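Descriptive structure summary
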Amino acid sequence: MKAKSERRRLFIGDQGLLMNWDIQKTVWDYIFSKECCPVNFSESPLIITEPYFNFASIQEAMAEIFFEEYECQSFLRVNASDLSDYHYRKDNSSAQGCLVVDCGYSFSHIAPYIKGKKHKPGIKRIDVGGKLLTNHLKEIISYRQLHVMEETYVMNQIKEDACFVAYDLMANMAKAKKKYPENDIVMDYVLPDFTNIRRGYIRTLDQPPITEQQKLRLNNERFSVPEVLFHPSDVGLDEMGIGEAVSYCVSRCPSVVQSHLYANILVTGGSSLFPGFKERLFKEVRASAPDEFEVNITMPEDPTTYAWHGGAMLSRDPDFYSFVVTKEEYEEEGPTICMERFDG
Amino acid sequence: MSGRGGYSRESGRLKDANQRRVLDEATRQRRARQAVEALDSDNFHDDPHGDLVANKNAPKFQDTLDTRETRKRRSKSADYYKFKYRRTLPQMIEYESLVRPEQPTFVDAQVPPSNFPKRNFCAVCGFPSGYRCITCGVRYCSVSCLATHAETRCLKWTA
């Protein structure tokens with residue numbers, strides 16, 4: 001084995017793929033157990049989501065486990081954004097297309113759908129997601145203030161509580177350079193000690209200072225961390241940001257549908273929950289989209305569960321059972337039937 | 001000028017700069033790549049406060065169930081799956097090209113590099129920066145940030 005620094009991964013982002021089957025199986029066992037969500041697979045169909053362009057070897061293994069281990073009666077494998085697009089079409093029946101921007105944990109995807117069908121050449125992935133943002137926050141706080149590399153959970157809470165997307169980065173930077181009363185960005189975050197304080201919280205500077213608890217001073221960290229979504233090059237990742245990638249993906253679609261895609265941008269996924277995300281995305285897309293096209297961004301009430309609800313709606317669709325693969329079909333024709341039906 | 005004992009007119013700053021080890025471009029790139037990979041690494045660790053159980057009856061994530069029905073199902077251990085389906089990335093890519101030739105793959109789906117110029121931020125404080133460290137090429141914004149950088153990070157990571 002080479003020294004750790006010499007080992008090289010083929011490309012970034014392989015952590016978002018299902019690689020550790022033992023762990024995943026344990027998780028599935030728990031999910032379908034009596035403690036969590038008891039389910040009878042002979043009655044309930046299963047919808048499972050996977051990343052775009054998932055590897056065939058992973059897909060085959062997944063089908064094998066569900067049909068042979070869990071004895072699943074009917075099985076549907078989709079991308080999460082397929083379900084978001086389905087939900088969106090149900091909500092907006094006149095939409096001719098939909099561009100789903102899904103900012104997840106391991107990566108963010110931009111996927112154009114034309115009348116419910118995904119346009120594969122336009123699907124692109126940015127290797128920035130919630131995990132990278134939390135790691136980045138951890139890294140800069142550990143360097144500037146307090147060693148928190150082992151405190152992923154708390155740092156993730158700080159990210160969710162305090163970070164926001166800047167509408168104008170340089171204006172915010174200039175403001176963050178000033179001292180407190182003119183600088184309304186700077187704030188303290190009181191860390192939990194897990195005896196008196198169970199969860200950390202924000203403390204603005206107009207409150208009287210406290211000395212007994214440990215706290216972090218957050219200033220430009222609050223907006224420079226989510227900024228990585230829009231400029232991955234800020235951390236040395238040589239990729240387009242979300243705003244730029246939206247126009248790039250639309251430009252890879254047929255010109256007749258481009259105006260529909262710009263007018264129906266749907267934002268989902270946990271990393272889109274930063275305050276100001278939608279406004280910033282609109283600003284960037286509006287700046288690069290042709291002037292005659294309308295740009296319209298929809299953000300569901302809860303972007304994290306939008307796809308799940310789409311799946312729930314799909315399962316009540318009268319045509320639902322024409323999409324699934326049943327156990328009999330799988331036993332008759334083997335894994336190829338899944339590929340034909342789900343990737344066609 | 002050498003007449004006056006010990007005094008020389010050479011610039012202390014330039015002399016200092018010449019003595020400093022300057023990293024070559026390849027090393028700088030390798031260090032930058034390592035930093036990106038570290039950001040992308042899995043950030044799971046055991047909950048440091050996991051031992052502090054407030055309530056013994058709180059639901060736990062059980063990996064052994066003792067009911068008879070599930071034990072029968074559980075005849076194969078988790079390790080069985082680990083080894084059965086284990087593929088390395090090159091193996092998966094090769095298999096992919098056999099099963100779905102001529103189709104876009106996971107690798108192709110990555111977005112291309114940005115068309116906008118890279119912005120520069122101080123590696124110490126995060127504000128916009130105008131200077132680079134001569135030795136390792138990291139950005140900094142002020143003399144005090146450079147001092148912090150030289151003291152803590154400059155050439156101190158094992159490259």
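Please refer to the structure higher up on the page.
Below or above, wherever it landed, is the structure these notes cover. Remember, it's a predicted structure, so these values are computed and weren't measured experimentally.

Once that is clear, we can look at the pattern of salt bridges. Per the stated rule, a full pass over the model turns up 20 salt bridges over all chains. With a closest N to O distance of 3.1 Å, A:Asp29 and A:Lys25 form a salt bridge. With A:Asp29 and A:Lys25 both in helix H1 (residues 21-31) and 4 residues apart, the pair spans about one turn of that helix. Look at A:Asp29 and you get buried, because its relative accessible area is 16%. Judged by relative accessible area, A:Lys25 falls into the buried class, the value being 6%. Residue A:Arg144 pairs with A:Glu221 through a salt bridge whose shortest N-O separation is 3.0 Å. Here A:Arg144 is found in helix H4 (residues 130-144), whereas its partner A:Glu221 is found in helix H7 (residues 221-224), with 77 residues between them in sequence. What makes A:Arg144 partly exposed here is its relative accessible area of 26%. In this structure, a network of salt bridges that share partners links the residues A:Glu50, A:Arg77, A:Asp343, B:Glu96 and B:Arg100.

Our focus in this paragraph is empty space enclosed by the protein. For the coordinates displayed, the defined rule picks out 3 cavities of 30 Å³ or more. Counted as a void, the largest cavity has a volume near 60 Å³. Residue contributions to the lining of the largest cavity peak at 3 residues, all from helix H2 (residues 56-69) of chain A. Here the lining of the largest cavity is built from residues that sort into 7 nonpolar, 1 polar and 1 charged. By volume, the second largest cavity is sized at about 50 Å³. What lines the second largest cavity is simply A:Ala56, A:Gln59, A:Glu60, A:Ala63, A:Arg77, A:Pro335, A:Cys338, A:Met339, A:Asp343 and B:Arg100. Listing elements by their share of the lining of the second largest cavity, those giving two or more residues are H2 and helix H15 (336-343) of chain A. With 4 residues, the top contributor of residues to the lining of the second largest cavity is H2(A). Within the lining of the second largest cavity, the residues separate by chemical class into 5 nonpolar, 1 polar and 4 charged.

What counts as what
- Residues numbered from 1 in each chain as written.
- Chains lettered and ligands numbered in written order.
- Predicted model: local features only at pLDDT ≥ 70, side-chain atom pairs only at ≥ 80, totals over all residues.
- Heavy atoms only, no water.
- Salt bridge = Lys/Arg side-chain N within 4 Å of Asp/Glu carboxyl O.
- Helix = DSSP H or I, 4+ residues; strand = E, 2+ residues; numbered from the N terminus.
- Buried < 20%, exposed > 50% of the residue type's maximum accessible area, 1.4 Å probe, protein only.
- 1 Å grid on protein atoms, 1.4 Å probe; cavity = no way out; pocket = protein on both sides within 12 Å on 5 of 7 lines; lining within 4 Å.
- Points joined across faces, edges and corners; volume = space filled by probe spheres on them.
- Nonpolar A, V, L, I, M, F, W, Y, C, P; charged D, E, K, R; others polar.

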